[in-house]
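Survey of secondary and tertiary structure
Each chain, letter by letter, is given below.
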Amino acid sequence: MKPNFLRLKRIDWYIIRQFLGTFIFAMLGIILIVVVFDVNEKIDKFMAPEVELKDIIFTYYLNFVPYFLSMFASLFTFIAVIYFTSKLADRSEIIAMLSTGMSFDRLMVPYGISATVIAVSMFVLGAYIIPPANEKRLNFEYTYIKKGRKVESAHNVQLEVEPGIFAYFDTYVNTSRMGYRFSLEKFDGKTLVSRLTANSIKYDTLYNWTIIDYIIRDFDGMYEHISNGTRRDTTLLIVPEDFLISEDDCETMTSPELSVYINRQKKRGIGNIQSFEIEYHKRFANVFSFFILTVIGASLSSYKKKGGMGLNIGVGLGLSFSYILFMTVTSSFAVSGLVSPMVASWIPNVLYSLIAIYLYRKAPR
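Read on for an overview of the structure. (Residues numbered from 1 in each chain as written. Predicted model: local features only at pLDDT ≥ 70, side-chain atom pairs only at ≥ 80, totals over all residues. Heavy atoms only, no water.)

1. Side note on the overall build of the chain
This is how the line gets drawn: Going along the chain from the N terminus, every DSSP run of H or I of four or more residues is numbered as a helix, and every run of E of two or more is numbered as a strand. To get the radius of gyration, use the C-alpha atoms; to get the globule rule, take the number of residues to the power 0.38 and multiply by 2.2 Å. Relative accessibility decides the category of a residue: with a 1.4 Å probe and only protein chains considered, values under 20% of the type maximum give buried, values over 50% give exposed, and everything between is partly exposed.
A tally of regular secondary structure across the chain gives eight helices and six strands. The helix and strand sequence of the chain, counted from the amino end, reads α-α-α-α-β-β-β-β-β-β-α-α-α-α. Taken against the 2.2 N^0.38 rule, which gives 21 Å for 365 residues, the C-alpha radius of gyration of the chain at 27 Å runs more than 25% over that of a compact globule. In terms of overall dimensions, the chain has a C-alpha envelope of 90 × 55 × 40 Å along the principal axes. Classification of the 365 residues of the chain by burial places 43% in the buried group.

2. Re helix 6 (residues 274–301)
Short version of the rule: Multiply 1.5 Å by the residue count of a helix minus one, and that product is the helix's expected span. Two axes enter the bend calculation: one fitted to the seven residues ending at the residue in question, the other to the seven starting there, and the bend is the angle between them.
Here helix 6 contains 28 residues, and its C-alpha end-to-end distance of 38 Å stays within 8% of the 40 Å for a straight helix at 1.5 Å per residue. Along helix 6, the largest kink reaches about 30° and is centred on R283.

3. Details of the packing of helix 1 (residues 10–46) against helix 4 (residues 104–145)
Here is the rule we go by: Helix axes use the C-alpha atoms of the stretch in contact, all axes being lines fitted to C-alpha atoms, and the angles between their N-to-C directions lie in the range 0 to 180 degrees. We call two directions roughly parallel when the angle between them is under 35 degrees, roughly antiparallel when it is over 145, roughly perpendicular when it lies between 65 and 115, and oblique otherwise. Each crossing is labelled by how the near helix is turned from the far one, with a counterclockwise turn of less than a right angle marking it left-handed and a clockwise turn marking it right-handed. The contact rule is simple, with two residues in contact once any of their heavy atoms fall within 4.5 Å. Ten residue types, Ala, Val, Leu, Ile, Met, Phe, Trp, Tyr, Cys and Pro, are classed as nonpolar, four, Asp, Glu, Lys and Arg, as charged, and the remainder, Gly among them, as polar.
Viewed as axis vectors pointing N to C, helix 1 and helix 4 meet at an angle of 20°, and their least axial separation amounts to 11 Å. With respect to their mutual orientation, helix 1 and helix 4 come out roughly parallel. Of the two elements, helix 1 crosses helix 4, and the hand of that crossing is right-handed. Counting all contacts with helix 1, which are made through D12, I15, I16, F19, L20, F23, K42, K45 and F46, the residues of helix 4 involved are R106, L107, P110, Y111, I113, S114, A115, I118, M122, F140, Y144 and I145. Split by residue class, the contact of helix 1 with helix 4 holds 16 nonpolar, one polar and four charged.

4. Some details on the pairing of strand 2 (residues 165–173)
Applicable threshold: Here, any two strands with at least 2 DSSP bridges between them count as paired.
Pairing analysis gives eight bridges linking strand 1 (residues 153–162) to strand 2, with the strands arranged antiparallel. Within the sheet, the bridge partner assigned to V157 lies in strand 2 and is F169. Where strand 1 folds back on strand 2, the antiparallel hairpin that results is connected by two residues, among which G164 adopts a positive phi of roughly 85°. As judged from the eight bridges shared by strand 2 and strand 3 (residues 178–188), these two strands associate in the antiparallel manner.

5. With respect to the sheet that holds strand 4 (residues 191–203)
Sheet architecture is open: six strands sit in the order 1-2-3-4-5-6, paired in antiparallel fashion. Both outer strands of the open sheet, strand 1 and strand 6 (223–235), are each paired with one neighbouring strand and no more. Each strand of the sheet is rotated relative to its neighbour by a mean of 15°, with strand direction disregarded. Pairing analysis gives ten bridges linking strand 3 to strand 4, with the strands arranged antiparallel.

6. Remarks on unusual backbone geometry
Phi at R177 is positive, roughly 60°, even though this residue is not glycine. In this fold, R177 is placed in the loop between strand 2 and strand 3.

7. Remarks on the nonpolar core
The condition is simple: The definition of a nonpolar core used throughout is a set of buried Ala, Val, Leu, Ile, Met, Phe, Trp, Tyr and Cys residues joined through side-chain atoms within 4.5 Å.
With 39 residues, the main nonpolar core has F23, F46, Y60, L107, Y111 and F140 as its most contacted residues. In terms of residues, this core owes the most to one element, helix 2 (residues 53–90), which gives 13 residues. With sequence-adjacent residues up to four places away left out, Y111 is seen in contact with I15, F19, V81, F84, T85, L88, T294 and A298. One finds L236, F243, I245 and L258 within the second-largest nonpolar core, a separate group that totals 32 residues.

8. Observations regarding the environment of T22
Structurally, T22 can be placed in helix 1. By relative accessible area, T22 is classed as buried at 14%. Residues T22 and F84 lie 62 residues apart in sequence; the distance between their C-alpha atoms is 7.0 Å. Ignoring sequence-local partners within four residues, the contact set of T22 consists of R17, A80, Y83 and F84.

9. Some details on the pattern of salt bridges
Short version of the rule: Salt bridge criterion: a side-chain nitrogen from Lys or Arg within 4 Å of a carboxyl oxygen from Asp or Glu.
Per the counting criterion, the structure on display carries 13 salt bridges. Close ionic contact of R195 with E185 constitutes a salt bridge, the shortest N to O distance being 2.7 Å. Highlighted residues: R195 in strand 4 and E185 in strand 3, separated in sequence by ten residues. On the accessibility criterion, R195 (30% relative accessible area) is partly exposed. For R217, the salt bridge goes to E224, with nearest N and O atoms at 3.1 Å.

10. Overview of the packing of aromatic side chains
Formally: Think of it this way: a Phe, Tyr or Trp ring, Trp meaning its six-membered ring, pairs with another when their centres are within 6.5 Å, and the plane angle makes it stacked under 30 degrees, edge-to-face over 60, tilted otherwise. Here, a charge over a ring means that NZ of Lys or CZ of Arg falls within 6 Å of the ring centre while also lying within 35 degrees of the ring normal.
Evaluation of the coordinates by the stated rule reveals 28 aromatic pairs. Between F169 and W209, the aromatic rings sit 5.8 Å apart at their centres with planes inclined by 45°, giving tilted as the arrangement. Of this pair, F169 sits in strand 2 while W209 sits in strand 5 (residues 208–220), and the two are 40 residues apart along the sequence. Assigned by exposure class, F169 and W209 land together as buried. Taken together, the ring pairs connect F46, Y60, Y61, F64, F68, F72, F76, F140 and Y144 into an aromatic cluster. Note that R137 overlies the ring of Y67, its terminal NZ or CZ placed 3.9 Å from the centroid.

Right under this line is the structure:
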C-alpha cells in the first residue's frame, strides 16, 4: 500500500498537467521565435541554388530543433515553473492548498514527478537520440553555411598506437588521406628497438595504411640493421578521426561512444579532449539541473507578491540566465586546464543547490 505522502490526488494531477503543459507551450513558443530568427540570419545561404528546400527542412531544421531543445530545456523548465506557479499564487490557490493542511513538502511532490519526466526524457534524447541528428545538422552546416570550418588537416601529431609503439605525423591532410614525414617508433621499456621513417603514408580503410618511400632501422645493442622500400601495406590501430578533432565532434557522439573515445584518447596521450569530457559530464549534470531549477522556481513563485507575476518571471529569468552563464564560464576554465571537466560541469549545480535549499526553507509553510 502506498504511503499517503506518495499517493497522487486530483490536485497533484492538476499541478502535473499545468507544469508539463506550460513547459511544452513555452518550448514551442520559444522554438518558433528562434527558428524565425535563424532563417532570417541564414536566408542568403538558403537561397543558394545548390541548397534544396527539403534539405533545409528535413536535414537542418528537423535536427536543429531537438538540439536547441536539449540545450535550453532546463531554462524552459524554469520558465514553466515560474509562470504557472505565479498564476497559482496570484489566484490564491497555493494559499488554499496550504490552508487545508497540505505541507509545502507535499506540494512539491507533483513538481518532482514532472521534473523527473522532463529530466529522464531529455537525458535519453541528449545521450542517445540527438547526437546522430547533430551529425546530419553539422554536415549540412559544413556544406552550405560554415564552408571550410570542418577540421581537414593536422600538424605535429604524436600518439601511442599500441603500448610501446608511437606514431608521428608532421602533417596529415584528410581530403587526400595523406600523411607526410611519418615515423613509427617501437620501444622496449625505455629502449628504442625499431624506428620507421617515411616520406608519406596513405590511409585506406579501417586501420589499413600504405607506407610510401620508407626506411626501417632495427637496433640490437650497438648494432643497427637498415632496410628500405617504396611501398608497404600495414595495419595501424589508428584512424584519422583520432587526431582530426573538431570542436563540434563531441556533439555527434552518444554517451557510450563519448566514454569509449575519451578513454582511448587518454591512453594514446592525446591531450586536446577537454571539450569531449565536458560534454560527457554535462549530460549527467544537466539531469540534476531540472530538479534544482524546479525547486528554485517553485520556492520563488509560491508567494503572492505586490509586483505580481511579472516580478517573479523577471527574478526567475535573471537566475536562470546566470545559471547558464555560470556553466559557460566554468566550461571555459576546464578547456584552459584550470579545473577538471567533471568539476567544471558540477560546480554550477553545487552552487545553485545551495540557493535552492535557502529559498526552499524560506518558502511559505
